[in-house]
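Given next are the chains, with one letter for each unit.
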Amino acid sequence: MIDKITQDLGDKADYLLNHKCKTIAKERLHLPGPDFVDRIFAPTSRNNRVLNNLDWMFNTGRLAGTGYLSILPVDQGIEHSAGASFAKNPDYFDSENIVKLAIEGGCNAVASTFGVLSSVARKYSHKIPFLVKINHNQILTFPNTYDQVMYGTVKNAYEMGAAAIGATIYFGSPESNRQIVEVANAFAEAHSYGMVTVLWCYLRNPAFKKDKDYHVSADLTGQANHLGVTIEADIIKQKLPENNGGYTALQMGDSSYGKIDKRVYTELTTDHPIDLTRYQLANCYMGRAGLINSGGASGTHDFQEAVATAVINKRAGGMGLISGRKAFQRPMNEGVKLLNTVQDVYLCKEVTVA
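Residues numbered from 1 in each chain as written. Predicted model: local features only at pLDDT ≥ 70, side-chain atom pairs only at ≥ 80, totals over all residues. Heavy atoms only, no water.

**Student:** Describe the nonpolar core, naming the residues involved and giving the relevant values.
**Tutor:** As a rule of thumb, nonpolar side chains are buried together in soluble globular proteins. Membership of the largest hydrophobic core comes to 84 residues, with the highest contact counts inside it found for Leu9, Phe130, Ile165 and Leu199. The element that contributes the greatest number of residues to this core is helix 15 (residues 302–316), accounting for 8 residues. Residues within four places of Ile165 in sequence aside, it is in contact with Leu131, Val132, Ile134, Val154, Ala157, Ala186, Phe187, Ala190, Met195, Val196, Thr197 and Val198. Counting residues in hydrophobic clusters, the runner-up holds 24 residues, among them Phe36, Phe41, Ala111 and Leu131. (Core = buried A, V, L, I, M, F, W, Y, C linked by side-chain atoms within 4.5 Å. Buried < 20%, exposed > 50% of the residue type's maximum accessible area, 1.4 Å probe, protein only. Helix = DSSP H or I, 4+ residues; strand = E, 2+ residues; numbered from the N terminus. Contact = heavy atoms within 4.5 Å.)

In structure tokens form, the structure reads like this:
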């Protein structure tokens, strides 16, 4: 398994597999493991029904019993338009194939919309944990606008048999205050029903694009994560960091933005992707809330990119990967292979926490 991972990483193998993290020591982290629910979640305010659903998620699929998660997310039919998402493989216009891919691919859960999951709930909601995405951005308004709005209720998700709900907040956007309140209330209600909560902690503001795209900076995404765990997200979904210094870039000239300590850049991070991702994890209460990174858009080097992302996440101390377009925008057997390839990173004992 390690030989295949090394081969997929190519000239990045030594850089990613042999990196030693000298910023935030792994001994400070709450790392994934078979006992994660008992060790980390059981002492919290979560009720036993939440613990049961967490345990179900952690013990489903090929990663069962490891403390790691592999989740298939397919909400792009709304977020990116169905045509843009499914034209490469029209089979996925049929909602059942989304759930079939998650099961065949050995995933811990399938994340999708109310419509997709409710359309096959009686057939599949007892076979694989359903993660219902309760809010979405829709891009049919002209000109396109970017806002996360609710598409259903927590009770709807509970009644279809969902194990978890998911939501997105566009941190940094003019609409973020409303979204924080909406999602915080939804998460509290979901916990009362016994469902797990997963938050897509995304940034959205035109000002974040300057000399670099700071929507994926470690400092800004790290703070988004910290806000996410504050409203009791059990699991944080975040894009892999690609740079750092979003706070300082936005303070150039006469502008003043946020608050930061220079030690974030001199002591707590380097420019290595594993160290940047570890800073994201540190903002998840040092791993008390799991960090799963997204797999990104589909391209010509999907398998290699997916392996690299998984290695970075695992070695940073993260909990897994949530990979959608790389899997469903190809024939099902290839999608299954890609999901299994990602899972192999978390099953490989030679890939250790840096």
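**Student:** Which residues make up the pattern of salt bridges, and what values go with them?
**Tutor:** Considering all chains together, one arrives at 14 salt bridges under this definition. Two residues, Asp261 and Arg263, come together in a salt bridge whose shortest N-O distance is 2.6 Å. Look at Arg263 and you get partly exposed, because its relative accessible area is 46%. Ionic pairing is found between Arg330 and Glu334, a salt bridge with its closest N-O pair at 3.3 Å. Taking the relative accessible area as the measure of exposure, Arg330 reaches 12% and is therefore buried. Where salt bridges share partners, they join Asp75, Glu79 and Lys133 into one cluster. (Salt bridge = Lys/Arg side-chain N within 4 Å of Asp/Glu carboxyl O.)

**Student:** Now, about the environment of Asp147: what can you tell me, with residues and values included?
**Tutor:** Assignment of secondary structure puts Asp147 in the loop between strand 4 (135–136) and strand 5 (149–150). Taking the C-alpha atoms as reference points, Asp147 and Asn135, separated by 12 residues in sequence, lie 9.4 Å from one another. Discounting chain neighbours no more than four positions away, the residues touching Asp147 are His136, Asn137, Gln138, Tyr170, Glu175, Arg178 and Gln179. For Asp147, the side chain forms a polar contact with the side chain of Gln179, separated by 2.6 Å. (Polar contact = N/O pair within 3.5 Å; in protein donor to acceptor, adjacent residues only side chain to side chain.)

**Student:** Explain the pairing of strand 6 (residues 164–171) to me, using residue names and the numbers behind them.
**Tutor:** Remark: a regular strand shows side chains that alternate across the two faces of the sheet. With 8 of 8 residues buried, strand 6 is to be regarded as a mostly interior element. The alternating pattern of strand 6 places Ala164, Gly166, Thr168 and Tyr170 on one face and Ile165, Ala167, Ile169 and Phe171 on the opposite face, and all of these are buried. Taken together, the 8 bridges between strand 6 and strand 7 (residues 196–203) define a ladder with parallel strand orientation. Looking at strand 7, one finds that Ile169 is bridged to Cys201. (Pairing = 2+ DSSP bridges.)

So yeah, pure geometry; function would need other evidence.
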